[in-house]
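Survey of secondary and tertiary structure
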Amino acid sequence: VSVEKPQDTWLVAAYACQRRSPLPNNNQLLTDALETLAEEAHFCGHEGRSLAFSRASSVLKALPRTVRRVQELDSLPCLGEHSKRVIQEVLEDGTSAEVETIRQSEKYQAMKLFTKIFGVGVKTAHQWYQEGRRTLDDLRGHPAQLSKEQQAGLIHYEDLNTPVKRADAEAIGQVVREAVNKCLPGASVTLTGGFRRGKPSGHDVDLLITHPVEGQEAGLLKKVIACLDQQGFLLYHSIHRNTFESLEDSDQEPSSHASSMDQYERCFSIFCLGDLPGDAQEGAGAEKPSRVRRTSGASRFWKAVRVDLVVTPYSQFPFALLGWTGSRIFERDLRRFAKREKKMLLNSHTLYHLEQKTWMSAASEKEIFQHLGLEYIPPEERNA
Ligand code: 8DG
Ligand code: MN
Ligand code: MN
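Below: a short report on this structure. (Residues numbered from 1 in each chain as written. Chains lettered and ligands numbered in written order. Predicted model: local features only at pLDDT ≥ 70, side-chain atom pairs only at ≥ 80, totals over all residues. Heavy atoms only, no water.)

1. Let's talk about the sheet that holds strand 8 (residues 265-274)
Ordered by their spatial adjacency, 5 strands build an open sheet running 4-6-9-8-7, and the pairing between neighbours is mixed. The open sheet has two edge strands, strand 4 (188-192) and strand 7 (234-240), and neither has a second partner. Geometrically, the sheet is characterised by an average inter-axis angle of 25° between neighbouring strands, direction not taken into account. Pairing of strand 8 with strand 9 (residues 302-311) involves 10 bridges; the strand directions are antiparallel. When the sheet's bridge partners are listed, Gly-274 is paired in strand 9 with Trp-302. Against the sheet, helix 14 (residues 317-325) makes contact with strand 4, strand 6 (205-210), strand 8 and strand 9, and its axis sits at roughly 175° relative to strand 6, the strand it touches most. (Pairing = 2+ DSSP bridges. Helix = DSSP H or I, 4+ residues; strand = E, 2+ residues; numbered from the N terminus. Axes fitted to C-alpha atoms, helices over the stretch in contact; angles between N-to-C directions. Contact = heavy atoms within 4.5 Å.)

2. Quick notes on the side chain of Glu-149
Here Glu-149 is to be found in helix 8 (residues 148-155). Despite being buried, Glu-149 has no salt bridge partner; Arg-306 is the closest side chain of opposite charge, sitting 6.9 Å away. Apart from the residues lying within four places of it in its own chain, the contact partners of Glu-149 are Phe-118, Gly-119, Tyr-236, Ser-238 and Phe-268. (Buried < 20%, exposed > 50% of the residue type's maximum accessible area, 1.4 Å probe, protein only. Lys, Arg positive; Asp, Glu negative; His and termini not counted. Salt bridge = Lys/Arg side-chain N within 4 Å of Asp/Glu carboxyl O.)

3. Here we look at the nonpolar core
Leu-60, Leu-73, Leu-76, Phe-114 and Ile-117 are the most contacted members of the largest nonpolar core, which totals 39 residues. Every element with two or more residues in this core is listed here: helix 1 (28-43), helix 2 (47-61), helix 3 (81-93), helix 4 (97-104), helix 5 (106-115), helix 6 (122-130) and helix 7 (136-140). It is helix 1 that contributes the most residues to this core, 6 residues altogether. Ignoring anything within four residues of it in the chain, the contact list for Leu-60 reads Asn-25, Asn-27, Leu-30, Thr-31, Leu-34, Leu-73, Leu-76 and Ile-87. (Core = buried A, V, L, I, M, F, W, Y, C linked by side-chain atoms within 4.5 Å.)

On their own, these measurements won't tell you what the molecule is for.
Structural data, given as C-alpha cells:
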C-alpha cells in the first residue's frame, strides 16, 4: 500500500506482498537500469547483490507516479546507496554510465544471448563464455554438446524471444482446454503467470490444470500431451514427474529451502501456433496450420511458443495458483513474509505453521492471504 504524504514522499511497505503494484510501471527507465544491474550480478553469481537491485526496482513499481527527484526516495525501503546513485544518474542524465558500460560489455551480451536459449541457465552460459564462445553459431557447430531442450531452444530461438501476445496465450489456452476435456471431462485449465497479472505480452504461456474430484487428475498430463502431439501442436515437450509426497502423512516438517521449484507434474513444451488472420477464414476442412512445418521467411504462418503445463490436485490448487501467478519478487516476498513475520512455511502446495505444527488448508487465494494476515492483493496488482 502506498500513500502519498503531504511533503511529496511515499509510504511503501517493505515486503512486495504488502504492496499494490499495478501496470503500467510509472518508472520504467529507472527499473530497467536497476534490473540490468540485477541481471549482471546474477550472471556473476552474486545472488545477494542481484536480489538487492531487484528489490530496489520492485519498490519503484509500487509508486503511483514517475519519480522526479532523488529526494522523493528518502522514505522508501530497500533502496541502497548504489541503487540511489544509479537512480540519481538516470534522473539527471537520462542514462547511467555504469549501466551502459554493462550493456555494451562483451560478457553481458554473450551471457544475455545464451541465457535466452530455452534450457540454458547462468552456469551453462558462463561455461560457454569461458570456452570463448560468443555467438549462437558457435553453439550450433557442436550440437552433440547440447541437451535436447537446448537444441530445440536454438532451432526456435527467434520465435521464443519474440513476445507472446495475449491473444496467442488465450488461443493456446483454448487448444489445451479442448484436449484436457477430451481426456477428462470436468477438468479446468487456468491461464496464470504474467498474463493473469494483466500483462499484454509475455515470454511464455503458463497453464494450470486441475479437476474438482481429487485424484481424477492423476495420469492426466501424459494423455493430454499425447493428444496435443497427435494433433501436431507440439514441437518439443518434456514431462517431469511429480515427486511430492503427502507431508501430512509423515511427522516430518516440510523442507524450508528457498527453491521456488515445486513438485507438481509438469510439462515444459514448445507449441506450434498457427497465427495468421487468414487461418481462421479457411474454415472447416482446411489443413490445420499447426501441422505445417515451413521453416523460412515470408510464407511461414506458424510460430513457436513456450508453454508450461502444470497439473495440481484440487485441494492444492489455490496454493499452485498463488505460486504460479508471480511476479517472482512477489512470490519471494510472500514466502519471506510468511517465514519471518508469521513463522509459517508457504510453497506452491501448502501453508505450514511452524509453531503450531499444523497445515492450513485454503479454498481460494483470498484464504491464503487471510491465513497470512495480509490484505488481499489481486493478480493485476502483483506486478512487483
Ligand atoms: P513472463 O512469462 O511473462 O515473462 O513472466 P512470468 O509469467 O511472471 O514468468 P514465468 O517465468 O513464466 O514464471 C511464472 C511464475 O511461475 C513465477 O512466479 C515463478 C513460477 N514458477 C516457475 N517455475 C516454477 C516452479 O517450478 N515452481 C513454482 N512454484 N513456481 C514456478 O516459473
Ligand atoms: Mn510466464
Ligand atoms: Mn513459465
